Amino acid sequence: METLLVIAVVLALAALATAIGSWLIGRAHPPRGRFVKVRRLRQHVVEIGEAQANAPPIVLIHGAGCNLEDMRLDLGERLAARHRIILVDRPGLGWSKRRGRDGSSPQYQAAILREVLDALGIDRAIIVGHSWGGAVAASFALDYPERAVALVLLASPVYPHPHPTTTLYALFATPVLGWIYARTLSLPIGLLFLGPALWSAFLPQFPPRDYLKRSAARLLLRPSTFLANSRDMADLKRNLEPQPRRYRSLSTPTLVMSGSSDFVVAPQLHAVPFAAAVPDARLVMLPGVGHMLHHTAAERVLAEIERLAAMMAPKDDASRRGA
């Protein structure tokens, strides 16, 4: 009985610490854009740069455990010098909301993105996704090909191969235990391990200076965000299973980039076969580069996106829709 009492007290104190910590994290990293209501759920969007006459807008979609600030840092701000850039918090992450387990599907998130673009008056855009965000980008191009001017996948999982952490995330995503853990221990424990976890994602390179603060990465530790990310990771293999048979029908001009030393999303399992399957795809492999190539090889990634954007630029006024 005394043991149960001690456990209850510890969990209660942890729940209080999590509630206070979540509030403080939210104050430290407030939303920096505007909210678009889709299906009665607020979606956080940041728009930077200005529309250019011969350049379609570029949508940047962040990966797992991140928020739109990750894509703003080394890509968004620099692309904004010549393009209209749309940064989105994926549903359930950052400051965007979602409801239900279906929200963990890339297909669902692609549908939400389509409705966000509708609300912004954007008919067509270049869709860029990093890591988990690339699964959303691929789903968007498959389901709404008329809306995707071009597709860019950066170190993206696009085949249903199990990830080494899937079992752990599946545990975090369980309805009862996951809910309890997220509201008690995920933030205190996460504060200890978030830094090393992010550092490992950059291997064999290192994160940019002050990345943890500048990327607002601690937003992940809030209970609802932690659960959403856990469900994304736990369900990804199952959600990707129907997609590979459709890749050969993808007609969107596609750029696939990966680092040869990516230990998070193995290029031989994802980037290489995807580029071979998609008729109009070009594969760019970066020797010695890890998973976070949009930071550690930003100049090359920027150059490749700019090259693709120039190729996709409309040649006449009648085709400038959504710019």
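Up top is the structure these notes are about.
To start, this report covers the structure provided alongside it.

Calculation criteria
Think of each chain on its own: its residues are numbered from 1, step by step along the sequence as written. Reporting in this predicted model follows two pLDDT cut-offs: at least 70 for local features of residues, and 80 or more for side-chain atom pairs to be given and counted; totals over whole chains, interfaces and linings ignore these cut-offs and use all residues. Computation of side-chain values covers all heavy atoms of the structure but excludes hydrogens and water. The way it works is a 1 Å grid over only the protein atoms, where trapped points that fit a 1.4 Å probe form a cavity and open points with protein on both sides within 12 Å along at least five of seven lines form a pocket, and then any residue with an atom within 4 Å of a point lines it. Grid points are joined across faces, edges and corners, and a volume is the space filled by probe spheres set on the points. Only runs of H or I of at least four residues qualify as helices and only runs of E of at least two qualify as strands under DSSP, and these elements are numbered from the N terminus. Residues are grouped as follows: Ala, Val, Leu, Ile, Met, Phe, Trp, Tyr, Cys and Pro are nonpolar; Asp, Glu, Lys and Arg are charged; every other residue, Gly included, is polar. Note: two strands are recorded as paired if DSSP finds a minimum of 2 bridges between them. Each axis is a line fitted through C-alpha atoms, taken for helices only over the stretch in contact, and angles between the N-to-C directions span 0 to 180 degrees. By convention a nonpolar core is built from buried Ala, Val, Leu, Ile, Met, Phe, Trp, Tyr and Cys residues, the set being connected through side-chain atoms within 4.5 Å. Note on classification: 1.4 Å probe, protein chains only; a residue is buried when its accessible area is under 20% of the maximum for its type, exposed when over 50%, partly exposed between these limits. Every residue pair with non-hydrogen atoms within 4.5 Å of one another is taken to be in contact.

## A few points about empty space enclosed by the protein
Right, on to step 1. Tallied over the entire structure, the rule returns three cavities of 30 Å³ or more.
Right, on to step 2. Together, 13 residues line the largest cavity, and V88, D89, R90, P91 and L113 are the ones closest to its centre.
Right, on to step 3. Top element by residues in the lining of the largest cavity is helix 3 (residues 106-120). It accounts for four residues.
Right, on to step 4. Its residues assigned to classes, the lining of the largest cavity shows eight nonpolar, three polar and two charged.
Right, on to step 5. Here the second largest cavity is characterised by a volume of approximately 40 Å³.
Right, on to step 6. What lines the second largest cavity is simply G65, C66, N67, L93, G94, A217, L219, L220 and T225.
Right, on to step 7. Considering only residue class, the lining of the second largest cavity consists of five nonpolar, four polar and no charged.

## Description of the sheet that holds strand 6 (residues 148-154)
Right, on to step 1. Spatial ordering of the open sheet is given by 1-2-4-3-5-6-7-8, a layout of eight strands whose pairing is mixed. The open sheet terminates on both sides in strands that have one partner only, identified here as strand 1 (34-38) and strand 8 (281-286). Pairwise comparison of adjacent strand axes, ignoring direction, gives a mean angle of 25° for this sheet.
Right, on to step 2. Both strand 7 (residues 254-259) and strand 8 contribute to a ladder of six bridges, which runs parallel. Residue M257 lies in a different strand from strand 8, and its bridge partner there is V284.

## Here we look at the pairing of strand 1
Two faces, one strand: in a regular strand the side chains alternate between the faces of the sheet.
Right, on to step 1. By the bridge criterion, five bridges tie strand 1 to strand 2 (residues 41-48) in an arrangement that is antiparallel. The partner of K37 across the bridge, within strand 2, is R42.
Right, on to step 2. Taking the residues between adjacent antiparallel strands as the criterion, strand 1 and strand 2 are bridged by two residues, where R39 takes a positive phi near 55°.

## Notes on the nonpolar core
Right, on to step 1. Counting 44 residues, the largest nonpolar core has V59, I61, I127, F140, Y247 and F274 as the members making the most contacts within it.
Right, on to step 2. Ignoring sequence-local partners within four residues, the contact set of Y247 consists of L142, V158, Y159, F274, A277, V278 and P279.
Right, on to step 3. Listed in part, the 31 residues of the second largest apolar core include L75, I126, M257 and A297.

## Some details on the layout of surface pockets
Right, on to step 1. Counted as a void, the largest pocket has a volume near 1200 Å³.
Right, on to step 2. Lining the largest pocket are 46 residues, with H163, T165, Y169, A197 and M233 positioned closest to its centre.
Right, on to step 3. Of all the elements in the fold, those that place two or more residues in the lining of the largest pocket are helix 5 (166-172), helix 7 (186-202) and helix 9 (223-240).
Right, on to step 4. If one sorts the elements of the lining of the largest pocket by residue count, helix 7 sits on top with nine residues.
Right, on to step 5. Among the residues making up the lining of the largest pocket, the classes are represented as 30 nonpolar, 15 polar and one charged.
Right, on to step 6. Roughly 250 Å³ of volume is contained in the second largest pocket.
Right, on to step 7. If you trace the second largest pocket, you find 15 residues lining it, with G92, K97, R98, S224 and T225 closest to the centre.
Right, on to step 8. Residue composition of the lining of the second largest pocket, grouped by class: three nonpolar, six polar and six charged.

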